[in-house]
Amino acid sequence: TLRLLESPRARKAIRNFFADLYNLFRLDHLAKDPTLFPHMHPDVGPEAREETLSMIEDLVFDEKADYRELLRTRKTFLNRRLASIYNVPAPSLEGFGEFMWPEESPRHGLLSHISVLANYSHQVASSATLRGVFVRKVLLCGLILPPPADVDASFPEPSGEAPTLRDRVAEHLTNPVCNSCHKETDPIGLGLENFDALGRFRTQDFGSPIDPSGELDGRYFADA
């Protein structure tokens with residue numbers, strides 16, 4: 001394994017492996033409603049993929065880091081467009097540069113990257129289900145079966161009684177058919193609700209405070 005990693009082709013192989021594992025190739029066609037997300041641009045998806053793959057390449061080849069650093073590192077690589085979405089100073093005037101999230105930042109590691117947050121969201125809104133499925137299936141190697149062909153997959157719309165996604169998920173889970181699978185994914189995805197469908201940080205959803213706390217297999221978490 002060490003001999004293979006020393007090959008000049010290893011970096012490309014590692015990039016291809018993780019791009020395939022995390023479905024990062026879909027970012028070529030990332031689409032968001034431009035009226036809701038003025039930062040949206042055709043290059044956001046490919047550039048977000050480059051951020052994630054640059055971080056992975058650095059962890060594997062330069063830092064020789066523990067695999068868990070993928071989820072907790074505060075180092076990433078940004079260009080000016082991504083920095084504007086993250087609302088931080090660009091580390092470089094041209095191309096990508098190394099950037100360190102400060103200790104007090106809500107971001108660290110893969111799950112705070114636009115490549116994941118935007119890729120596993122809808123065009124107009126975040127998705128606790130899509131994000132939860134990603135964590136459960138890809139990161140935790142769990143099994144989530146596809147919904148039956150005749151199931152009603154519609155989700156409750158925001159309302160006065162259920163303004164936040166957490167409220168609407170709770171309403172959705174009252175259906176036993178939905179609950180059987182969504183209970184394995186949606187509580188995980190709600191932990192990422194401080195990030196909107198493009199990956200920007202927020203504290204409110206439709207004017208109501210976001211509660212990103214939850215439980216994962218018996219372990220409490222406060223937020224992402």
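Residues numbered from 1 in each chain as written. Predicted model: local features only at pLDDT ≥ 70, side-chain atom pairs only at ≥ 80, totals over all residues. Heavy atoms only, no water.

**A few points about the pairing of strand β2 (residues 97–100)**
Part 1 of the argument: Burial of β2 is one-sided: the residues Gly97 and Phe99 facing one way are buried, the residues Glu98 and Met100 facing the other way are not.
Part 2 of the argument: Summarising the sheet, strand β1 (residues 75–78) and β2 pair through 4 bridges and their orientation is antiparallel. Across the sheet, residue Lys75 finds its bridge partner in β2, namely Met100. (Buried < 20%, exposed > 50% of the residue type's maximum accessible area, 1.4 Å probe, protein only. Helix = DSSP H or I, 4+ residues; strand = E, 2+ residues; numbered from the N terminus. Pairing = 2+ DSSP bridges.)

**Regarding the environment of Arg68**
Part 1 of the argument: Relative to the helices and strands, Arg68 is located in the loop between α3 (44–62) and α4 (69–72).
Part 2 of the argument: Assessed through its relative accessible area of 51%, Arg68 is described here as exposed.
Part 3 of the argument: For Arg68 and Gly109, which are 41 residues apart along the polypeptide, the C-alpha to C-alpha distance reads 9.3 Å.

**Re helix α7 (residues 128–139)**
Part 1 of the argument: Spanning 12 residues, α7 covers 15 Å between terminal C-alpha atoms, matching the ideal 16 Å at 1.5 Å per step.
Part 2 of the argument: If you check which residues of α7 are buried, you get Ala128, Arg131, Gly132, Phe134, Val135 and Arg136.
Part 3 of the argument: Looking one or two places after α7, you find Cys141, whose phi comes out positive at around 55°. (Expected span 1.5 Å × (residues − 1).)

**Side note on the nonpolar core**
Part 1 of the argument: Core analysis: the biggest nonpolar cluster contains 41 residues, and Tyr22, Ile114 and Phe134 have the highest contact counts within it.
Part 2 of the argument: Those elements that place two or more of their residues in this core are α2 (10–21), α3, β1, α5 (80–86), α6 (114–117) and α7.
Part 3 of the argument: The element contributing the most residues to this core is α3, with 7 residues.
Part 4 of the argument: Residues in contact with Tyr22, not counting those within four places in the same chain, are Ile56, Tyr67, Leu70, Leu110, Asn119, Tyr120, Phe134, Val138 and Leu139. (Core = buried A, V, L, I, M, F, W, Y, C linked by side-chain atoms within 4.5 Å. Contact = heavy atoms within 4.5 Å.)

**Section: the side chain of Ser213**
Part 1 of the argument: Tracing the sequence through the fold places Ser213 in the loop between β4 (208–209) and β5 (214–216).
Part 2 of the argument: Only 2.7 Å separates the side chain of Ser213 from the side chain of Asp211, close enough to count as a polar contact.
Part 3 of the argument: Apart from residues lying up to four places away in sequence, Ser213 is in contact with Arg166, Tyr220, Phe221 and Ala222. (Polar contact = N/O pair within 3.5 Å; in protein donor to acceptor, adjacent residues only side chain to side chain.)

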